[in-house]
Amino acid sequence: MKFWAVRFGSIGLAVLVSFGIGMIAQGSSGTVSRLLALAGLYVTLAVSLNLINGITGQFSIGHAAFYQVGSYTAAFLASILLSRGVISNLGTPIPWVLVAVATSLVTAGIAGLFIGLPSLRLRGDYLAIVTLGFGEILRIVIQNTPQLGGSYGINSPKAFVVPYVWMLTFLCVGVCRNLLQTAHGLSFLSVREDEVASSAMGVNVTRVKVAAFVIGSAFAGAAGALLTFNEGFINVNSFTMDVSFIILTMVVLGGTGSVTGSIVAALTLFILPEVLRDAPAMPLNAVLGTLAGIALLVGTIRLAMDHKGLGRSIWMPKTYIGIGIAVAGGIVVSVLANCLPALANRTIPSAELRMVIFSAVLVIMMLLRPQGIFGVRELGLKSFFRRANA
Amino acid sequence: MPDPILSLQNATIQFGGLVAVDNVTFDINPGELFGLIGPNGAGKTTCFNLVTGVYKPTSGNILFKGKVINGIPPHKVAKLGIARTFQNIRLFGALSVLDNVVIGGFLRNQTNIFASMAYLPGAIRETERLRDQAMALLEVMDLADEANGRASDLPYGKQRRLEIARAMATQPDLLLLDEPAAGMNPQESEDLMNTVRKLRDDFGKTVLLIEHDMKFVMNLCERIVVLDHGEEIARGVPVEIRSHPEVIKAYLGEAC
Amino acid sequence: MTAGLDASALPQQLLNGLMFGAIYALVALGYTMVYGVLKLINFAHGEVFMVGTYTALFVSWQMGYFQGAPGMTRATSPAVLLLMLVASMIVCGLLGVAIERFAYRPMRKQARIASLITAIGVSMLLQYGGALVLPVSPPRSILEQVNPYDGNLSIPLKPRNASLAASVDKAQAEEKLAALALEQRIKQEGVSSEFDLSEEGKKIRAASQAAAQVSRDAESRYNESGMSLNVPYGQGIMFLATLGLMGLLTYLVMFTKTGRQMRAVAHDFDSASLMGINVDRIVTFTFLIGSSLAGAGAMMCATFLGTQLTSFVGVTWGVKAFVAAVLGGIGNIPGAVLGGLLIGVAETLVVWAGGSQYKDAIAFVILIFVLLVKPGGLLGSAKVEKV
């Protein structure tokens, strides 16, 4: 009895929180509402890729493809409904949104099945390039399909989906957490660790890999459907290789295999560029100087960390000298940049700057904390994420 | 004479021009401690790979409990009741010792994946059951204290024992041990010998093992087959093998 | 186009494909060499290529191509081209070494995926950072000024039909006669232009035009009866240079001590270091060579193909070159060349067959089919795990 009480209690809580986020979104500006939706979608994407990549160890770097399959399925469905007069241009009613989400879940799952099948023959980097290639082929085919809007894109009536985005997020996290608590999840992990030994222990490696791909891509597809209704307009540029790379980065930065790590990394990496979007324009030479200074600083810390491995403290005289060089280097680069006629007196709008900062932060984080923010550990809420007696 | 649990009938496998296992025939009776020895490269591990379905024999048959199992994939062979350990230890290094053994028991898992995804009571009970079973096996293998440590952090000898515990978790009838005593000191090897005997006596397992440690094989095994260059060169009880001229030649021949 | 595929253009298209493919191959070599020694997909390689294109452009600009500098003649341009090539190779080589030293080497002891993410980070940093400081290059029309080698080398494949030659001569003679007649008529009528001719005169004019048409038709029939390949001089030189560089690389890898060490490191990194090979030196060397080959490819791309350059130009080229490397079997040097040429040819064939919008997809389609049949790529061998 207590079991079911806890179970329904937590499901109820998740729904409540989702609607709570929805209410915040409704009460705030369109931008904030959009960000709240996208944040949930990115968490879903990262956690679902973590199932394929981190937990099952199948090196997929084309997750945006499944996101795209789901998104376009929903958009196509909406265009049919629109032409039949079932829904109007004013907006898509929630029941139809849910139908579209379910459809996208299935189509993306099927796409996952097709990509999962080659994974039976391909290992590691070969699989990676096939998943990447699948995304590229899909993008080009859609660009040349007028029914899907071609390269311009496709409109769909909007809907207010923020609560449903977060319900999907909670569902995805819940499913991954559940799996990892049971012997089934262990069989996924065993495939990551050693395929030969897994199959010798009776684990059907084929089925586990395909299951991971199907579940992971189905969630990405559902997320794609919600993106369609949240944005009201999608085109292929929302699903480029960069998007796949960012999702992959979230997984690795969160610590491969760690569900909570994926969540935190997804939120961090998602919020960072969005905050930067509103930053003021910066003088170019200052930007270059700062980048150079940071690069030197990271190099110093990295060197100091290597020495720490030799049993010394990070804070040795060399470190302070290094920091001094870093600051000086930054200033020198900044002054030099101002002397070059092509670069002097230019300011950079923050929109162009944000991806630079994003990638710089990415490299710095990897250099300073290569095992991910949390390593393979799960974060907090011991009873929730840790196996009871492990 | 009971029906043999495992029979190799003229089992042969070729890799390109190399005949790794050539026309090997032997029967193992239920409850037997059976040894497979021979110099390096004699084809012993390849025999294991044939039995467990990693390779398919080029010709000949492999029968388990009277049924032909040629070319059945490894995970199905495991389900039929053959479990193995690996010469070059293959544990799930990043997982806990306990989880390694739970995975061994997973093939008798009764629930489907949807129950696990929804964390239904059935899936929880099943996982609990596998965990209890794994814990019991760790007790048998003297690893219970280590249950929550990382498998890759265990010392070498214990890793070998863990491999056996993991194989035992699949509830096999036939246990294939690939050099279980390799890298162990005399004391560990002695303990292992007693454990293997216990697996047969208390758990009724049939054991087929490959080992280079002659003392280990001669003291433990009841019957032995000797391979060299993929072919059988001798068979019999340990006393016969010890004095068999072909065996002595195979092991020492190169040096003479 | 209702006439279907123009088969007579096929040899020319194949040739163009090979020339494109040669650049893919040069870039693919860098991927494959780095993968060979470090088992790392060097995602930043495409950006090294990008820097190479800009270096070439910068040098040509400094040498005055765009300003009509005095003394800048066609005669001096081979030297300038060589300078562009060398500059690109040096800058790219150094950039590759720097990336390895500062971004990859600290990650070497970490999980492979961590290095991969670092590679992606470096790649994005160069793309977006480059967008801050690099201009979008002039489109093709100006780039053509960089290419001093105008014109084509025409290689006849099939001689023209000699019997048609006679009819061309005849038609041309008749054309001349008719033109002469028209000229006389104009003089005779004393008008200033042929449009002011009388009715009778206009008939003569029409006859002259008809004769000219017949002559033109005969001539084109005669020309089409034969077949020839046109190799733009610039691209031809580029192709030869590519072959030269590949030959140099083969010598380096197969017949020098460093090459032998490189192969040893590729075979087994740890054992190689135990055998006293300075692996750091070899890795640096590999990045130097691989990246400078990308620089060579970049210079040729910028100079002879007239691609418009942005700081994102390395994405497409890089990914396709990487596909080429995987297609041939990653880590395998002849495989990278084969893969690059194959993809170049396949892309031009797709365009020739009228599917230019699918040009960018064909590489991946081929890759997927090849990998399904041969999981290790064309020349690579899939590693069978020893149990």
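All values derive from a computational prediction rather than experimental measurement.

### Comments concerning the overall build of chain B
For chain B, the count of helices and strands is ten helices and ten strands. Taking 2.2 N^0.38 as the reference for a compact globule, 256 residues should give roughly 18 Å; the C-alpha atoms of chain B span a radius of gyration of 19 Å, in line with that estimate. In terms of overall dimensions, chain B has a C-alpha envelope of 65 × 40 × 40 Å along the principal axes. For chain B, the proportion of its 256 residues judged to be buried stands at 46%. Partitioning the intrachain contacts of chain B with sequence separation of at least 6 by distance along the chain shows that 67% fall at a separation of at least 24.

### Looking at the overall build of chain C
Each helix and strand in chain C was counted, giving 14 helices and two strands. Per-residue burial over chain C gives 43% buried out of 387 residues. Sequence separation of at least 24 residues holds for 80% of the intrachain contacts in chain C that already meet a minimum separation of 6.

### Comments concerning the interface of chain C and chain A
Reports often express the size of an interface as the amount of accessible area lost when the parts come together. Of the residues lining the interface, 37 residues belong to chain C; the matching set on chain A comes to 33 residues. Elements that contribute at least two residues to the side of chain C that touches chain A include exactly helix H3 (77-104), helix H4 (112-133), helix H12 (313-328) and helix H14 (359-373) of chain C. It is H4(C) that contributes the most residues to the side of chain C that touches chain A, 14 residues altogether. When the residues that make up the side of chain C that touches chain A are grouped by side-chain class, the tally is 30 nonpolar, five polar and two charged.

### Describing the pairing of strand S1 (residues 6-15) of chain B
Residues and elements named next belong to chain B. Both S1 and strand S4 (residues 59-64) contribute to a ladder of five bridges, which runs antiparallel. Paired with Gln9 across the strands is Asn61, a residue of S4. Direction of pairing for S1 relative to strand S2 (residues 18-28): antiparallel, over a ladder of seven bridges. For Ile13, the partnering residue across the bridge sits in S2 and is Val21. The antiparallel hairpin formed by S1 and S2 contains two residues in its connecting segment, where Gly16 sits at a positive phi of about 60°.

### Focus: the environment of Val175(A)
Structurally, the position occupied by Val175(A) is in helix H6 (residues 162-181). For Val175(A), a count of 20 C-beta atoms within 10 Å gives the class buried.

### Comments concerning the sheet that holds strand S6 (residues 82-84) of chain B
All names here are of chain B. Pairing within the open sheet is mixed, and its six strands lie in the order S6-S7-S8-S3-S9-S10. Edge positions in the sheet fall to S6 and strand S10 (231-236), since each has one partner strand and no second. Strand-to-strand, the axes of this sheet are offset by a mean angle of 20°, without reference to chain direction. The strands that helix H1 (residues 44-51) touches are strand S3 (33-37), S6, strand S7 (174-178), strand S8 (206-210) and strand S9 (223-228); relative to S7, the one it contacts most, it runs at about 150°.

### Some thoughts on the domain arrangement of chain B
Residue and element names in this part refer to chain B. Per the domain assignment, the segments of chain B are domain 1 (1-81 + 175-256) and domain 2 (87-171). Contacts between the two partners involve 13 residues from domain 1 and, on the opposite side, ten residues from domain 2. Listing elements by their share of the side of domain 1 that touches domain 2, those giving two or more residues are helix H2 (74-80), S7 and helix H7 (186-203). Of the residues contributing to the side of domain 1 that touches domain 2, the split by class is six nonpolar, three polar and four charged.

### Description of the interface of chain A and chain B
Listed per partner, the contact involves 27 residues of chain A and 34 residues of chain B. Per element, the largest residue contribution to the side of chain A that touches chain B is eight residues, and it comes from helix H7 (residues 183-193) of chain A.

### Some remarks on the nonpolar core
Note that soluble globular proteins tend to have their nonpolar side chains buried in a common cluster. If you look at the biggest cluster of nonpolar residues, it comprises 298 residues, and the most contacted ones within it are Ala46(A), Leu226(A) and Val323(C). For Leu226(A), the residues in contact, after removing those within four places along its chain, are Leu41(A), Val101(A), Val161(A), Tyr164(A), Val165(A) and Leu168(A).

### Details of the packing of helix H1 (residues 10-38) of chain C against H12(C)
Residue and element names in this part refer to chain C. One way to put it is that H1 packs onto H12 with a least axis distance of 8 Å and a crossing angle of 70°. The orientation of H1 with respect to H12, classified from their angle, is roughly perpendicular. Together, Tyr24, Ala25, Val27, Ala28, Tyr31 and Thr32 of H1 and Trp317, Gly318, Lys320, Ala321, Phe322, Ala324 and Ala325 of H12 make up the contact between the two elements. Per-class residue counts for the contact of H1 with H12 are ten nonpolar, two polar and one charged.

### Observations concerning the pairing of S10(B)
Residue and element names in this part refer to chain B. With five bridges connecting them, S9 and S10 associate as antiparallel partners. Bridging from a neighbouring strand, Val226 pairs with Ala234 of S10. In this antiparallel pair of consecutive strands, S9 and S10, the connection spans two residues, and His229 shows a positive phi of 50°.

### As for helix H2 (residues 30-55) of chain A
Residue and element names in this part refer to chain A. With 26 residues, H2 should reach 38 Å at 1.5 Å per residue; the first-to-last C-alpha distance of 36 Å fits that figure. H2 sits mainly inside the fold: 21 of its 26 residues count as buried. Looking at the residues trailing H2, positive phi occurs at Gly57, about 75°.

Rules behind the numbers
- Residues numbered from 1 in each chain as written.
- Chains lettered and ligands numbered in written order.
- Predicted model: local features only at pLDDT ≥ 70, side-chain atom pairs only at ≥ 80, totals over all residues.
- Helix = DSSP H or I, 4+ residues; strand = E, 2+ residues; numbered from the N terminus.
- Rg over C-alpha atoms; globule rule 2.2 N^0.38 Å.
- Buried ≥ 20, exposed ≤ 12 C-beta atoms within 10 Å, placed from the backbone.
- Contact = placed C-beta atoms within 7 Å.
- Nonpolar A, V, L, I, M, F, W, Y, C, P; charged D, E, K, R; others polar.
- Pairing = 2+ DSSP bridges.
- Axes fitted to C-alpha atoms, helices over the stretch in contact; angles between N-to-C directions.
- Domains from an automatic or database assignment.
- Core = buried A, V, L, I, M, F, W, Y, C linked by C-beta atoms within 7 Å.
- Parallel < 35°, antiparallel > 145°, perpendicular 65-115°, else oblique.
- Expected span 1.5 Å × (residues − 1).

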